Amino acid sequence: MIFNYKYFLTTIFLFLAEASIATVFRDIFWLRAYFGDVLVVILIYTFMLTFLEIKNKMLLNIGVFLFACAIEFAQYFHFAELLGFKDNKIAMIVLGNSFSWVDILCYLIGSFCIFTFNKFLK
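Below: a short report on this structure.

Quick notes on the rules
Residues numbered from 1 in each chain as written. Predicted model: local features only at pLDDT ≥ 70, side-chain atom pairs only at ≥ 80, totals over all residues. Heavy atoms only, no water. Axes fitted to C-alpha atoms, helices over the stretch in contact; angles between N-to-C directions. Helix = DSSP H or I, 4+ residues; strand = E, 2+ residues; numbered from the N terminus. Parallel < 35°, antiparallel > 145°, perpendicular 65-115°, else oblique. Left-handed = near helix turned anticlockwise from the far one by under 90°. Contact = heavy atoms within 4.5 Å. Buried < 20%, exposed > 50% of the residue type's maximum accessible area, 1.4 Å probe, protein only.

**Things to note about the packing of helix α3 (residues 57–76) against helix α6 (residues 101–121)**
At step 1: For the pair α3 and α6, interaxial distance at closest approach is 10 Å and the crossing angle is 170°. Relative to α6, α3 is oriented roughly antiparallel. As α3 runs across α6, the sense of the crossing is right-handed. Contact residues: Lys-57, Met-58, Asn-61, Phe-65, Ala-68, Cys-69, Glu-72 and Phe-73 in α3; Trp-101, Asp-103, Ile-104, Tyr-107, Leu-108, Ser-111, Ile-114, Phe-115 and Asn-118 in α6.

Here you go:
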């Protein structure tokens, strides 16, 4: 276990961007519906690298993508409601409440951005 302050600062920045998209810019549809989904994959990726030293970043990227897809597929079955979060607005925003293939495409774009950035760094 480590603490990487560069990834931590990146995670904080991305979290603030996501929070801004969900609150301040919530009326800009494409930003909330698409760009936020692209960013969330990158946010999870940088969060993981804040605390874990992972040699194979491609494997982490794939794992984060699959995790995002699993959450998206769980939305098809309304798992947040099944867990009793129907009246919890924050939980419903974080966990989502509707399945969309477009969201999976956005997660794929986010993963591709991570892949491209890692290739650029090398």
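**A look at unusual backbone geometry**
At step 1: Here His-78, not a glycine, exhibits a phi torsion of approximately 55°, which is positive.
At step 2: Residue placement: His-78 occurs in the loop between α3 and α4 (79–82).
At step 3: Judged by its relative accessible area of 38%, His-78 falls in the partly exposed class.

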